[in-house]
Amino acid sequence: FKPYSTTSSTSGKEKQKLVINKNSRSLGGWAADAGLYGRRVYVGPKNRIIAATKVISLLSSSVGLLTLPWMHSHLSVINNETIKLAITGSCGLLILLSPILIDRITRRYVLAMFYDKPCNHFVAIRYDIFMKQKYVSFPPEDIDHSHTSFLCRFRARNQCFILDPDLLRKTDPHAYITFYEV
């Protein structure tokens, strides 16, 4: 996908126009951002899986919280109010913890990354807990590869990020060199 397409005018000259592709939603809707943050050098291969996981987690937690009062009232078999509150509280805690734990893992995943060559800056896009896009800008000097693991491929601005370095290398070799040769 290229955000620019050529169209011919009536005079026969070709002009370049920014066109929002119909498929730009499937790529995360970043086609319009390409001019704002530089050249798009990376798009995460698991964006849809991350989004689906977060949506399912938030929806199931919402439904679970809505059913807690019903569950508490239907525990009338148990005569002890303390045990009823303990059961309801434990279920409520588990319901609230699932989206928080999933967010702790998926907030590190880079959905897309841009590189602005004149400014020598990277911009990474990630999701927050409520599926809003979070933009993190950092220069190559802030990138730290010394503490890499499965859940943290690099650090920048005291935050961990997960991305596929091979995909970055294939998309833009110059950005890959800038990214790793700091």
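Student: How should I be thinking about the layout of surface pockets in this particular structure?
Tutor: One way to see where empty space is left: roll a probe the size of a water molecule over the atoms. For the largest pocket, the calculated volume is near 310 Å³. Residue assignment for the lining of the largest pocket shows that the elements contributing at least two residues are helix H2 (47-73) and helix H3 (81-106). The residue makeup of the lining of the largest pocket, split by class, is 10 nonpolar, one polar and three charged.

Student: Honestly, H2 in this entry has me stumped. Any pointers?
Tutor: Relative to the 39 Å expected for 27 residues at 1.5 Å per residue, H2 spans 40 Å between its end C-alpha atoms, a close match to the ideal helical length. The largest bend in H2 is about 40°, located at Thr-67, with the proline Pro-69 one to four residues further on. Its buried side turned inward, H2 meets strand S3 (39-43), H3 and strand S5 (121-127).

Student: Looking at this structure, I do not really get H3. What am I missing?
Tutor: An α-helical segment advances 3.6 residues per turn. Residues three or four places apart therefore align on the same side. Between its terminal C-alpha atoms H3 stretches 38 Å, which fits the 38 Å expected from 26 residues at 1.5 Å a residue. At Leu-97, H3 is deflected by roughly 25°, the largest bend along its length, and proline Pro-99 occurs up to four residues later in sequence. For H3, the complete set of buried residues consists of Lys-84, Thr-88, Gly-92, Ile-95, Pro-99, Asp-103 and Thr-106. Those residues of H3 that are buried lie in contact with H2 and S5. Capping of H3 at its N-terminal end is provided by Asn-80; its side-chain oxygen lies 3.1 Å from the backbone amide nitrogen of Thr-82.

Student: How should the pairing of strand S6 (residues 133-138) be read in this particular structure?
Tutor: Side chains on a regular strand alternate between the two faces of the sheet. The pairing of S5 with S6 spans six bridges and is classified as antiparallel. Residue pairing across strands places Ala-124 opposite Val-136, the latter belonging to S6. Count of turn residues in the S5/S6 antiparallel hairpin: five residues, of which Met-131 carries a positive phi of about 70°.

Student: Could you clarify how one ought to interpret a nonpolar patch on the surface in this entry?
Tutor: Residues Leu-93, Leu-97, Ile-100 and Leu-101 make up a contiguous nonpolar surface patch of about 360 Å² in total accessible area. Position of Leu-93 relative to the elements: it lies in helix H3. Residue Leu-93 is classed as exposed on the basis of its relative accessible area, which comes to 51%.

About the cut-offs
- Residues numbered from 1 in each chain as written.
- Predicted model: local features only at pLDDT ≥ 70, side-chain atom pairs only at ≥ 80, totals over all residues.
- Heavy atoms only, no water.
- 1 Å grid on protein atoms, 1.4 Å probe; cavity = no way out; pocket = protein on both sides within 12 Å on 5 of 7 lines; lining within 4 Å.
- Points joined across faces, edges and corners; volume = space filled by probe spheres on them.
- Helix = DSSP H or I, 4+ residues; strand = E, 2+ residues; numbered from the N terminus.
- Nonpolar A, V, L, I, M, F, W, Y, C, P; charged D, E, K, R; others polar.
- Expected span 1.5 Å × (residues − 1).
- Bend = angle between axes of the 7 residues up to and from the residue.
- Contact = heavy atoms within 4.5 Å.
- Buried < 20%, exposed > 50% of the residue type's maximum accessible area, 1.4 Å probe, protein only.
- Polar contact = N/O pair within 3.5 Å; in protein donor to acceptor, adjacent residues only side chain to side chain.
- Pairing = 2+ DSSP bridges.
- Patch = residues over 30% accessible without salt bridge, like charges linked within 9 Å, V, L, I, M, F, W, Y side chains within 5 Å.
- Areas by Shrake-Rupley, 256 points an atom, 1.4 Å probe, with all protein chains shown as cover.
- Salt bridge = Lys/Arg side-chain N within 4 Å of Asp/Glu carboxyl O.

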